[in-house]
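Structural features, examined
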Amino acid sequence: MSFDNPSFLSFPRLRFERPTVAIVGGGASGVLTAVQLLRRRSPVRVVLVEERPRLGRGVAYGTTCDSHLLNVPAAGMGAFPDEPGHFLHWARGRRPEAHGGSFLPRRLYGEYLEWCLEEEIAAARRRTPFTAIQGRVTALASGPGGAALRLAGGETLWASQVVLAMGHSAGAAEAWSASAPRGPIRDAWQPDAIAGLPPGRPVVLIGTGLTAVDVMLSLEEAGFDGPIHAVSRRGLFPQPHLPVASPAAAPVSVPPPSALPGRGATPERARELVAAIRAEIRLAVALGGDWRTVVDGLRPRTQALWAALPEAERARLHRHALRYWEVHRHRMAPEVAGRIERLRRSGRLQVTAGHVLSVTATSGGAAVTVRPRGARAAGTASHPTELTLEGGAVIRCTGPREHLDSVGDPLLDGLFAGGDARPGGLGLGLAVDEDGRLLDRAGEPSDTLWALGPLRRGALLETTAIPEIREQAAALARILPEAAVAVEVGYALEEAL
Ligand SMILES: Cc1cc2nc3c(=O)[nH]c(=O)nc-3n(C[C@H](O)[C@H](O)[C@H](O)COP(=O)(O)OP(=O)(O)OC[C@H]3O[C@@H](n4cnc5c(N)ncnc54)[C@H](O)[C@@H]3O)c2cc1C
């Protein structure tokens, strides 16, 4: 779909118009929020601002590689909380062989999100006017009843309510990245991450999560046949989903909830929570079940379990157990897992568990120095204190940045500096109340600024997948029109930018 000209919305044209809800970010979170506002025929104007050339793509669904599959079966990926099968129905129109258990390409899901938006725009017509603007919001000033947004091109937009849907921030926060030479280090989320690799040289991936898996698949698609070194602290890959062989066997609904929450009080210590989950898994396996049922069954309860832990216990869980939880919770499609396993068995993929100490440029590319996990101070020939992985290129696959106050994004920096926002619990994401209103420096909920999706990570922990985002988008669309009143936004706001 096409974008509109930002000057169309610039001051003072919108000043006395109907309330405007501006959404910053047109990935899955921003598009689903717009879709919900349109679907409800909300009496507002919706303005969606996205930097990328296409809506509904963002980090996850902007891929053009057909090997990058959804990590949730098609039956669970519908855009609407009350129609989880909506995506499957749409996808069958394009891929008749798709069934509820299919892991379809993420590229297809990006198309679906854009299609949902177009459908709702057409259905809502003038009842909920919609405008899409391509641009980057670099500053925001909010005051009673409204906000002014500054675009990178210099234009100013006015809105009664602003939804922040900026999602994932790229880039590494690790110590090695500060001193690393920029040249040989590539970012997995950049479109040219694997372009022009030196032939015959190994590639070193920093990270072994879903982002690294994506890169391995892309390398294969591109015909890369050299060695791949992957290094991460624990060397853990995401676990595989169980294959769903036939449509009849497809898990079309969420697995039954775990018995865990029903047993006694909600754990208030990280250790107790981990022990309870382990006990539940042992029980499930003893009864002939699978650990995945327990992990998936916990999903509706994860946010409440996280919220029930005191801050220090959340920090403990985050530090020691989160990575283990994530590799079990965010799994690979079975066929993707099969491809990674084949790479490992062939010897082309070598995995190192360890701490990256430095990345240095070499004549042939780069060298990554690693302290292997469990290395002792003295070291031995079989267990050295340090080892070096040489490659023609190093690709950073460390996933999203968790601490938004160090990302270097001018919009976020301005919000923090001005006291309109503060980091969420454990410094993750943005601090929000239970409806998604930003909490300011003093902890007061905003009248104007909202956030959803990965930005709510500090409050909710599990808030990045579509089943969570679609709930948040639907809830926001219920609240926002009531909160958005048409007011005259003062000139003072523009001066504050
Ligand atoms: C690789 C990957 C695979 C995933 N696979 C699945 C899956 O299979 N199933 C599932 O349920 N979930 C999956 N997820 C999780 C989830 O669906 C995504 O995290 C989702 O993309 C989050 O959407 P978002 O819009 O919040 O963030 P993003 O996708 O990061 O989109 C944010 C958008 O905001 C724009 N933006 C940012 N700042 C500005 C600004 N200042 N001005 C204008 N625009 C801005 C960006 O350009 C971007 O398009 C996956 C996530 C990743 C990273």
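Residues numbered from 1 in each chain as written. Predicted model: local features only at pLDDT ≥ 70, side-chain atom pairs only at ≥ 80, totals over all residues. Heavy atoms only, no water.

Here we come to the overall build of the protein. Broken down by element type, the protein carries 16 helices and 16 strands. Buried residues in the protein amount to 52% of all 497 residues. Of all intrachain contacts in the protein linking residues separated by at least 6 positions in sequence, the fraction that spans at least 24 positions is 71%. Counting every atom, the protein has about 21900 Å² of accessible surface; 51% of that belongs to carbon and sulfur. (Helix = DSSP H or I, 4+ residues; strand = E, 2+ residues; numbered from the N terminus. Buried < 20%, exposed > 50% of the residue type's maximum accessible area, 1.4 Å probe, protein only. Contact = heavy atoms within 4.5 Å. Areas by Shrake-Rupley, 256 points an atom, 1.4 Å probe, with all protein chains shown as cover.)

So, about the sheet that holds strand β1 (residues 20-24). Reading across from one edge, β3-β2-β1-β7-β16-β15 is the order of the six strands in this open sheet, with mixed pairing throughout. Two strands in the sheet have a free side with no partner beyond their single neighbour: β3 (130-134) and β15 (437-439). Taken over all neighbouring pairs, the strand axes of this sheet differ in orientation by 30° on average, direction set aside. Where β15 meets strand β16 (residues 445-451), two bridges bridge the pair, whose relative direction is antiparallel. Across the sheet, leucine 439 pairs through a bridge with proline 445, a residue of β16. Of the strands in this sheet, β1, β2 (45-50), β3 and β7 (161-164) touch helix α1 (residues 28-39), which is tilted by about 160° from β1. (Pairing = 2+ DSSP bridges. Axes fitted to C-alpha atoms, helices over the stretch in contact; angles between N-to-C directions.)

The next thing to look at is the nonpolar core. Ile23, Phe87, Tyr109 and Leu117 are the most contacted members of the largest nonpolar core, which has 46 residues in total. If you list the elements that add at least two residues to this core, you get β1, α1, β2, α3 (86-94), α4 (106-124), β3 and α15 (466-483). Apart from the residues within four sequence positions on either side, tyrosine 109 is in contact with Tyr61, Leu70, Met77, Gly78, Phe87 and Ile466. (Core = buried A, V, L, I, M, F, W, Y, C linked by side-chain atoms within 4.5 Å.)

Before going further, it helps to spend a moment on the pattern of salt bridges. Tallied over the full model, the rule gives 24 salt bridges. Each of the salt bridges in this network shares a partner with another, and the network as a whole consists of Glu220, Glu221, Arg339 and Arg348. (Salt bridge = Lys/Arg side-chain N within 4 Å of Asp/Glu carboxyl O.)

Lining the immediate environment of the ligand, one finds 34 residues, of which Ser29, Tyr61, Asn71, His168 and Thr464 sit closest. Take serine 29: an N or O atom from its side chain is 2.5 Å from an oxygen atom of the ligand. Computed on the free molecule, the ligand has an accessible area of 990 Å², of which 94% lies beneath the protein chains in the complex. Contributions of two or more residues to the shell around the ligand are made by α1, β2, α2 (58-61) and α15. A per-element tally of the shell around the ligand places α2 first, with four residues. (Near = heavy atom within 4 Å. Polar contact = N/O pair within 3.5 Å; in protein donor to acceptor, adjacent residues only side chain to side chain.)

Glancing now at the pairing of β16. With respect to burial, β16 is a largely interior element, five of its seven residues being buried. For β7 and β16, the ladder comprises three bridges, and the chain directions are parallel. Bridged to valine 163 within β16 is tryptophan 450. Where β15 hands over to β16, the hairpin turn is made up of five residues, of which glycine 443 adopts a positive phi near 90°.

So, about the packing of α1 against α15. Contact geometry of α1 with α15 gives a least axis separation of 8 Å together with a crossing angle of 45°. It follows from the interaxial angle that α1 and α15 lie oblique. For the pair α1 and α15, the sense of crossing is right-handed. Between α1 and α15, the residues in contact are Ala28, Ser29, Leu32, Thr33, Gln36 and Leu37 and Ile466, Ile469, Arg470, Ala473, Ala474, Leu476, Ala477, Leu480 and Pro481, respectively. (Parallel < 35°, antiparallel > 145°, perpendicular 65-115°, else oblique. Left-handed = near helix turned anticlockwise from the far one by under 90°.)

One can find aspartate 405 in the loop between β14 (393-396) and α13 (410-417). For the pair aspartate 405 and leucine 415, spaced 10 residues apart in sequence, the C-alpha separation works out to 9.7 Å. Ignoring sequence-local partners within four residues, the contact set of aspartate 405 consists of Asp413, Phe416 and Pro423.

Between helix α7 (residues 270-286) and helix α10 (residues 311-320), whose axes approach to 8 Å, the crossing angle comes to 50°. Judged by the angle between their axes, α7 and α10 are oblique. The residues of α10 that touch α7, namely those facing Ala270, Arg271, Leu273 and Val274, are Glu313, Arg316 and Leu317. In terms of residue class, the contact of α7 with α10 is made up of four nonpolar, no polar and three charged. (Nonpolar A, V, L, I, M, F, W, Y, C, P; charged D, E, K, R; others polar.)

With that settled, consider the sheet that holds strand β6 (residues 156-159). Taken together, the three strands give an open sheet; going across it, the order is β4-β5-β6, and neighbouring strands pair in antiparallel fashion. Each edge of the open sheet is held by one strand with a lone partner, namely β4 (137-143) and β6. Neighbour-to-neighbour, the strand axes of this sheet turn through a mean angle of 20°, independent of strand direction. The sheet contact formed by strand β5 (residues 146-151) and β6 spans four bridges and is antiparallel. Pairing of alanine 148 across the sheet is with tryptophan 158, part of β6.

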